[in-house]
Amino acid sequence: MLTIQEVFDLFSKVGCCSFATLDDQGGVDSRIAHFVAWDSEGLYFTTMTGKPFYRQLKAGSALSACGEFTEMRCYNDEDNLPKFAPGFMIRVSGHVRELTSEEIAAHAEVDPNFNVVVYDTGRYPETTVFALDRAWGELYDYDFNMINRDHKIERERFAWGGATFVDPGFHITDACIGCGSCMTVCTHKAIVAGSPYRILGERCDECGNCHHVCPAGAVEEKGLLA
């Protein structure tokens, strides 16, 4: 499972990401931001107390962030079909808490990444810091055109602070009759023959092809397992 540092490094490679919160109307609001630091407690980011972002964080104590890294943006070929260079998407969602001024000062003494917090606080006294301290997420590494490997995606989920997650991918039950229809339609090479057939969750995009063609109804969606 990915460590918090590895998650931070991946988000840093992306740079600025989409940060989403719940607004006071029961909807969703978003903005572009980035994580500034990490430690064993979670990921850290800043905002200012006068912003809607701050008020939403305080009211809901929740954040979802995501971003994508690729060497080249998607383009359409001569048949107007999309082509993707290899890359990855990273996402994380969970609970946040605001640090006290004493906690910020203590972090600044030992963590060079908090230099930006010290700098921003000097210019903008309303700057404050939040920790994403209980969260789960996923690294979605893709090579859709199979340039560097023989399958399209590799997924890895992670969590910290007591959060949990459901493993990715559909599941094939003992109702499987071994016909192989699922393997035939799986473009992600995520299915292994057996009794029953088995889905490699780290390769499964949950596209539903296998579920659609299974004559025995043996393919279950994520979240439907007992």
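My aim in this report is to walk through the structure given alongside it, one point at a time. Computed from a predicted model, the values in this text were never measured in an experiment. (Residues numbered from 1 in each chain as written. Predicted model: local features only at pLDDT ≥ 70, side-chain atom pairs only at ≥ 80, totals over all residues. Heavy atoms only, no water.)

Digging into the pairing of strand β8 (residues 87-98)
Here nine bridges tie strand β5 (residues 62-70) to β8, and the two strands are oriented antiparallel to one another. Bridge assignment links Ala62 to a residue of β8, and that residue is His95. (Pairing = 2+ DSSP bridges. Helix = DSSP H or I, 4+ residues; strand = E, 2+ residues; numbered from the N terminus.)

A look at helix α1 (residues 4-14)
When we look at burial in α1, the residues that qualify are Ile4, Val7, Phe8, Leu10, Phe11 and Val14. For α1, the angular spread of buried residues about the axis comes to 160 degrees, placing them on one side. Count one or two residues on from α1 and you reach Gly15, which has phi positive near 95 degrees. (Buried < 20%, exposed > 50% of the residue type's maximum accessible area, 1.4 Å probe, protein only. Arc of directions from axis to C-beta.)

Here we look at the pattern of salt bridges
One pass over the structure, following the stated rule, counts 12 salt bridges. Between Glu138 and Arg155 there is a salt bridge, with its nearest N and O atoms 2.8 Å apart. Residue Glu138 is found in strand β9 (residues 127-142), and its partner Arg155 is found in strand β10 (residues 153-160); the two are separated by 17 residues along the sequence. The exposure class of Arg155 is buried, given its relative accessible area of 9%. Salt-bridge contacts for Glu154 lead to Arg149; the nearest nitrogen and oxygen are separated by 4.0 Å. Overlapping salt bridges bring together Arg91, Glu138, Arg155, Arg157, Glu206 and Lys222 as one network. (Salt bridge = Lys/Arg side-chain N within 4 Å of Asp/Glu carboxyl O.)

Overview of the packing of aromatic side chains
Under the definition given, this model contains 14 aromatic pairs. On the numbers, 5.2 Å between centres and 70 degrees between planes, the contact of Phe84 with Phe144 is edge-to-face. Taken together, the residues span a long stretch of sequence, with Phe84 in the loop between β7 (82-83) and β8 and Phe144 in the loop between β9 and β10 at a distance of 60 residues. Classification of Phe84 as partly exposed rests on a relative accessible area of 28%. Ring geometry for Phe158 versus Trp160: centroids 6.1 Å apart, planes at 5 degrees, classification stacked. Assigned by exposure class, Phe158 and Trp160 land together as buried. An aromatic cluster of three or more residues is present, and its members are Phe11, Phe19, Phe35, Phe45, Phe53, Tyr54 and Phe130. (Phe/Tyr/Trp six-rings, centres within 6.5 Å; stacked < 30°, edge-to-face > 60°.)

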